[in-house]
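# Residue-level structural notes
Letter by letter, the chains look like this.
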Amino acid sequence: MTISVGDKMPTGAFGVMTDAGPGALSTDELFAGKKVVLVSVPGAFTPTCSMNHLPGFVENAAQLKARGVDTIACMAVNDVFVMDAWGKDRGVGDDVVLLADGNGEYAKALGLEMDGTAFGMGMRGQRFALVVDDGVVTHVGVEAPGQFEVSKAETILAALESLVCFRKAALSSRPPFL
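Presented here is an overview of the structure given in this document. These figures come from a predicted structure and were not determined experimentally. (Residues numbered from 1 in each chain as written. Predicted model: local features only at pLDDT ≥ 70, side-chain atom pairs only at ≥ 80, totals over all residues. Heavy atoms only, no water.)

## Overview of the layout of surface pockets
- Empty space within the largest pocket amounts to approximately 370 Å³.
- If you go around the largest pocket, you meet 18 residues; those closest to its centre are P42, M114, R127, P145 and G146.
- Mapped onto the lining of the largest pocket, the elements with two or more residues apiece are α2 (47–59) and β6 (113–115).
- In terms of residues, the lining of the largest pocket owes the most to one element, α2, which gives three residues.
- Across the lining of the largest pocket, the residue classes break down as nine nonpolar, six polar and three charged.
- Its boundaries defined by the atoms lining it, the second largest pocket holds a volume of some 280 Å³.
- In this structure, the second largest pocket is lined by 13 residues; those nearest its centre are M17, D84, G93, V96 and L98.
- Listing elements by their share of the lining of the second largest pocket, those giving two or more residues are β1 (13–18), α4 (80–90) and β5 (97–100).
- Tallied by class, residues from the lining of the second largest pocket come to eight nonpolar, two polar and three charged. (1 Å grid on protein atoms, 1.4 Å probe; cavity = no way out; pocket = protein on both sides within 12 Å on 5 of 7 lines; lining within 4 Å. Points joined across faces, edges and corners; volume = space filled by probe spheres on them. Helix = DSSP H or I, 4+ residues; strand = E, 2+ residues; numbered from the N terminus. Nonpolar A, V, L, I, M, F, W, Y, C, P; charged D, E, K, R; others polar.)

## Here we look at the pattern of salt bridges
- Inspection of every chain in the model, using the stated rule, returns four salt bridges.
- The closest approach of N and O atoms between D89 and R90, which form a salt bridge, is 3.1 Å.
- A relative accessible area of 44% means that D89 is categorised as partly exposed.
- Ionic pairing is found between E149 and K152, a salt bridge with its closest N-O pair at 3.3 Å.
- For E149, a relative accessible area of 43% puts it in the partly exposed group. (Salt bridge = Lys/Arg side-chain N within 4 Å of Asp/Glu carboxyl O. Buried < 20%, exposed > 50% of the residue type's maximum accessible area, 1.4 Å probe, protein only.)

Written out as structure tokens, the structure reads:
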């Protein structure tokens, strides 16, 4: 089943590069008590991922954080060494946390795995972006094959603005407490 708005994020862990070498980051550490934009790309160093998708989130990191985002994270079905090298190559710095979903287990848990064997890529994660608030999904943008619109940084910025407007409207329409 594919992850949807209102769903709790599945439990899991990602590979991350630390100062001491490869490490792990649990979903509890990533999502608990935070607003997170989780972006998935089919592969590090692939054209759209490297030239457009990841750079968009790096370039818009300050704007995303100004809208209440605590963490921007990008996952791919690659190993931690590839993700680390990709982050250095793209100049990510501390703007985006790069997450290795080495065996594609988290993409599968989200119901967003992709069979790229026809392209020599094996099983991968689809291109998507989620907004997660304290472990609960508040926005889902999953791309159709070959597309790059609903998961790009600008679309997520607009979605965050819509979520803020929706909450303000909901709060203003509450009856006063007696």
